[in-house]
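Structural characterization, general
Each chain, letter by letter, is given below.
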Amino acid sequence: MKVDGRVERGEQTRRQILRRAAEIASVEGLEGLSIGRLATELEVSKSGVFAHFGSKEELQLSTVRAAAAIFVRQVVEPALVEPPGRARLELLLDGWLAYSENRTFPGGCFFYAVQAEFDARPGRVRDSIAGFGREWNSYVRETVAAIPEVADPDQLAFELVAFLEMANAQSVLHDDPHAYERARVAVRNRLAQAGTAASTALR
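Summarised in this report is the structure supplied together with it. This structure is a prediction, so every number in the text was calculated from the model and none was measured. (Residues numbered from 1 in each chain as written. Predicted model: local features only at pLDDT ≥ 70, side-chain atom pairs only at ≥ 80, totals over all residues. Heavy atoms only, no water.)

Along the chain, L38 turns up in helix 2 (residues 35–42). Through-space distance from the C-alpha of L38 to that of L18 is 9.2 Å; in sequence the pair is 20 residues apart. If sequence neighbours within four positions are ignored, L38 has contacts with I17, R20, A21, I24 and L59. (Helix = DSSP H or I, 4+ residues; strand = E, 2+ residues; numbered from the N terminus. Contact = heavy atoms within 4.5 Å.)

Tallied over the full model, the rule gives 16 salt bridges. Here E31 makes a salt bridge to R121, at a shortest N to O gap of 2.9 Å. One end of the pair, E31, is in the loop between helix 1 (2–28) and helix 2; the other, R121, is in the loop between helix 6 (110–118) and helix 7 (124–145), and 90 residues separate them in sequence. When its relative accessible area of 35% is taken as the criterion, E31 is described as partly exposed. Relative accessible area serves as the criterion here: at 36%, R121 is assigned to the partly exposed category. Between E90 and R86 there is a salt bridge, with its nearest N and O atoms 2.8 Å apart. In this pair, E90 and R86 both sit in helix 5 (residues 86–101), 4 residues apart, roughly one turn of the helix. Note on E90: relative accessible area 37%, which makes it partly exposed. (Salt bridge = Lys/Arg side-chain N within 4 Å of Asp/Glu carboxyl O. Buried < 20%, exposed > 50% of the residue type's maximum accessible area, 1.4 Å probe, protein only.)

On to unusual backbone geometry, then. Leaving glycine aside, a negative phi is the common case for residues, and trans is the common case for peptide bonds. Look at R103: it is not a glycine, yet its phi comes out positive at around 55 degrees. Among the secondary structure elements, R103 is positioned in the loop between helix 5 and helix 6. One non-glycine residue, D175, lies in positive phi territory at about 55 degrees. One can find D175 in the loop between helix 8 (153–174) and helix 9 (179–202).

Given below as structure tokens:
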């Protein structure tokens, strides 16, 4: 039992470190992370933080994975209560907007914040960020494709993701209080347009 208790405490400490690391990275980027800073802020030893990760790159990679897990819990999983179709897509997109608007991470969308930092820097961290980005885009596309009236899932998914990212950017950079509502209106209009176009084509 003593061993199990130590393991659980170690996992709890790791989760706390990664949560704080993701919060920092959403504002300052992954390069803003350091083992010393995290140790000071969380009041743990540097050696303790180092033992969990071993290097700054491993800390960055673990932070990306932790942020992705939080994203899935907050955005993807709640939408699964709806069967494949338009209702699931609407819940998924609204969940993303709430995730950004409610500042799950203080810098808005974690992945939007860090992708610009690594988009032209080859390496494991870039590959990890890009990989999760591809998974998200593919999932949106698959969710769109489950709606029978949509003729071009790739194009519609591209546009919908663009609405979400623009709302995040406008809110974070320009403090626009209306950005998320504008995005919600844009999503509704675009989905309605897609449905209308499909109905016309079937006549």
